[in-house]
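Observations on the three-dimensional arrangement
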Amino acid sequence: MSSAPRSTEEHRRAALRATALLALVLLVLPLAAQWLGPAWVRTLAFAALYVMLALGLNIVVGFAGLLDLGYIAFYAVGAYTYALLASPHLTENFPSISQAFPGGLHVPIWASIPLGAAIAAGFGVLLGAPVLKLRGDYLAIVTLGFGEIVRIFLNNLNEPINLTNGPQGITLIDPVRIGQLRFDHTISVLGLQLTSLQLYYYLFTALAVLCVLVCVRLQNSRIGRAWMAIREDEIAAKAMGINVRNIKLLAFGLGATFGGVSGSMFAAFQGFVSPESFSLMESVIVLSMIVLGGLGHIPGVILGAVMLSVFPEFLRYSVGPLQTQLFGRTVVDTEVLRMLLYGVALVVIMLYRPKGLWPAPQHGVAPRSTPPSAARSQADA
Amino acid sequence: MGSSLDTFFQQVFNGLVLGSLYALIALGYTMVYGIVNLINFAHGDVLMVGALTAFSAITLTQALAPGIPGWALMLMGMLAAIPVCVLLSLLIERVAYRPLRNAPRLAPLITAIGVSILLQTLAMLIWGRNYLTFPQLLSSEPIAIGPATATVTKLLVIVLSAIIMVALLLLVQYTRLGRAMRATAENARVAALMGVNPNGVIAATFAIGAALAAIAGVMYASLYSVAHFYMGFIPGLKAFTAAVLGGIGNIPGAMLGGVLLGLIEALGAGYIDQISNGVFGSNYQDVFAFIVLCAVLILRPSGLLGERVADRS
């Protein structure tokens, strides 16, 4: 390594090399994971899904500083929109719809994903509009309440008109179809046999990469800077001419859009949605991912999402048999262990490393550790 | 067939019962918020721990000494739950909240959520994930209060809550600790200059709130005959709504807000069928509290009796 500072050209080439390497790893990963077992490919697919969710919540909490505890509601809206558009539920329950669509309702993904995203964005603005002047704690509670309201409605809207099929959820949701290829079969691509799980992994990873690109562009745009200004000091931002109301609504709406897209993909992947998948715990899980990784820092958020979606699975395969060996039975259920992990992550990170594991580099300050009791009131970008 | 006025009175009575519980829990939220500007997310889970501790104590005693009367068991359950909840709350305050007193606003909030998750996990580990049937300790014979029917448990909830609330008001108004609490809530630094130990006062606030939550938890479990690890979440959320409704940081406000929310919920759940022509049933009961919360925060964020929060300047 030369001791002279690297030129821009060298930086660019290094970045290009790193990106190529990363792309290669991402492409090969499911093939390697398949060898370990198809469950691992499923874990990877969910990791990509959680990356998208985390990026979306990062816009609201990390960039704009608005603590949203009901984020999972947008995920639910996206999932149910896709489910209603691509399953026999509506045609079975509403004769007018089954007459209009005699072949069944099978909206293709290039229409249902944007629709899911748009409706979720609508809900985001709906949530954002009344809460614009609420400060941190109250905002958190109201968004939590909003998330719960959505869940309660999803759970109960099966009478008098059966929109959501209540606690039973909607089943028989179409898988993703690109042209004639259905993603629930094994497809042969370039001589390789790709299983359904692997196909979904590639789709989700591609979408996640797209989300990352969008987030990076947003972060470095006027909008992104406006969000960070609001996060740091709302009054100063207003004094600088930022339209705080619109920018906040934009944050809610865009965050919700990411949630909606992820939700649609989740519905297609799982083939089944029910209100149980959209509880407060899920919101907290996504929150703990971005808190653990680094609030407001995109690589950190991705790290947090990957860690907290892969590690519990890893625990399940190691701790489970370990307990049976040591104690003869399962002392601690892995579900409980998973919850414990999220709780510990939140508390420990906030106490000892409040900026997360991979925080954004501070501008113009030499790196040093900040003890939590002396944490300044300035959070940093 | 009773008249519709009878139904009204019944719902009002139910609302008072519910409201008394909410008021007890809301007091914990409001006192803590008034002093340290923190929503103690874990407060509902402290209630849950209290209920489950009482459950264990009562079932254990019932197994060892079967002849003890119901009211004694309930008293014993409460006396077992209170110290556990107080110690737990003090521990949480010391370990999770105190280091973050001066941290940016988001940090204690996120920590509180984490603590809430940890408490639920703890409860799952100790008591399992199933719904436990809380034993019926007091007689469930219906007692007629005017046109409404009540049980001993429901009457106990109202009476006990009233006594506790009066006692708390007296404590806050006329004792040294109460003066210290009010002073610290107004301006912690100046109170410290006057010789008040802020850490001690804050710890005492958490302890009192936890004791109230323990009692509320035992009564909640008795009312609904069920206890499980997730039971604290919804009552906690509704009690916070009640605290905001009455004016956060305001102790009489929390009492008023609790009772009012209970009434709104009971009357709403009772009449929603008629109002919405059958579209929405009483399974939307929980939504009322959230609607009230949103309405209060949008229309009158300082609450009915005005908020009293610490001067942070």
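So, here is what we can say about the structure in this document. Because the structure is a prediction, the values reported are computed rather than measured.

Things to note about the overall build of chain A
- When its secondary structure is counted, chain A shows 14 helices and 4 strands.
- Over its C-alpha trace chain A gives a radius of gyration of 22 Å, about what one expects of a compact globule, namely 21 Å for 381 residues.
- Each principal axis of the C-alpha distribution contributes one length, and for chain A these read about 70 × 50 × 50 Å.
- Classification of the 381 residues of chain A by burial places 47% in the buried group.
- A fraction of 73% describes how many contacts in chain A between residues 6 or more apart in sequence connect residues 24 or more apart.

Describing the overall build of chain B
- Within chain B, the secondary structure is distributed over 11 helices and 4 strands.
- Its C-alpha atoms give chain B a radius of gyration of 20 Å, within 12% of the compact-globule value 20 Å for 313 residues.
- Dimensions of chain B along its principal axes, counting C-alpha atoms only, are 65 × 50 × 35 Å.
- Residue burial in chain B is summarised as follows: out of 313 residues, 51% are buried.
- Of all intrachain contacts in chain B linking residues separated by at least 6 positions in sequence, the fraction that spans at least 24 positions is 79%.

Here we look at the interface of chain A and chain B
- At the interface, 34 residues of chain A touch 35 residues of chain B.
- Among the secondary structure elements, those contributing two or more residues to the side of chain A that touches chain B are α7 (136–156), α12 (280–293) and α14 (334–352) of chain A.
- For the side of chain A that touches chain B, the leading source of residues is α7(A), giving 11 residues.
- A class-by-class count of the residues in the side of chain A that touches chain B yields 26 nonpolar, 6 polar and 2 charged.

Focus: helix α9 (residues 222–232) of chain A
- Regarding α9(A), the residues found buried are I223(A), A226(A), W227(A), M228(A), A229(A), I230(A) and R231(A).
- Buried-residue contacts for α9(A) involve α2 (38–63), α8 (196–219), α10 (234–239) and α11 (244–270) of chain A.

Regarding the nonpolar core
- In terms of nonpolar packing, the biggest core is built from 231 residues, with A45(A), A54(A), A51(B) and C85(B) touching the most fellow members.
- For this core, the element with the highest residue contribution is α2(A), accounting for 19 residues.

Quick word on the packing of helix α2 (residues 43–64) of chain B against helix α8 (residues 198–224) of chain B
All names here are of chain B.
- Taken N-terminus to C-terminus, the directions of α2 and α8 make an angle of 55°; their axes are 7 Å apart at the nearest point. Taken together, the axes of α2 and α8 lie oblique to each other. With respect to the hand of their crossing, α2 and α8 are arranged in right-handed fashion. Contacts from H43, V46, L47, M48, G50, A51, A54 and F55 of α2 reach α8 at G209, A210, A213, A214, A216, G217, V218, Y220 and A221.
- Looking at the contact of α2 with α8 residue by residue, the classes come out as 13 nonpolar, 4 polar and no charged.

Here's the deal with unusual backbone geometry
- One non-glycine residue with positive phi stands out, namely N165(A), at about 60°.
- Unlike most non-glycine residues, S225(B) shows phi in positive territory, near 55°.
- By the secondary structure assignment, S225(B) is in the loop between α8 and β4 (226–227).

How each quantity is defined
Residues numbered from 1 in each chain as written. Chains lettered and ligands numbered in written order. Predicted model: local features only at pLDDT ≥ 70, side-chain atom pairs only at ≥ 80, totals over all residues. Helix = DSSP H or I, 4+ residues; strand = E, 2+ residues; numbered from the N terminus. Rg over C-alpha atoms; globule rule 2.2 N^0.38 Å. Buried ≥ 20, exposed ≤ 12 C-beta atoms within 10 Å, placed from the backbone. Contact = placed C-beta atoms within 7 Å. Nonpolar A, V, L, I, M, F, W, Y, C, P; charged D, E, K, R; others polar. Core = buried A, V, L, I, M, F, W, Y, C linked by C-beta atoms within 7 Å. Axes fitted to C-alpha atoms, helices over the stretch in contact; angles between N-to-C directions. Parallel < 35°, antiparallel > 145°, perpendicular 65-115°, else oblique. Left-handed = near helix turned anticlockwise from the far one by under 90°.

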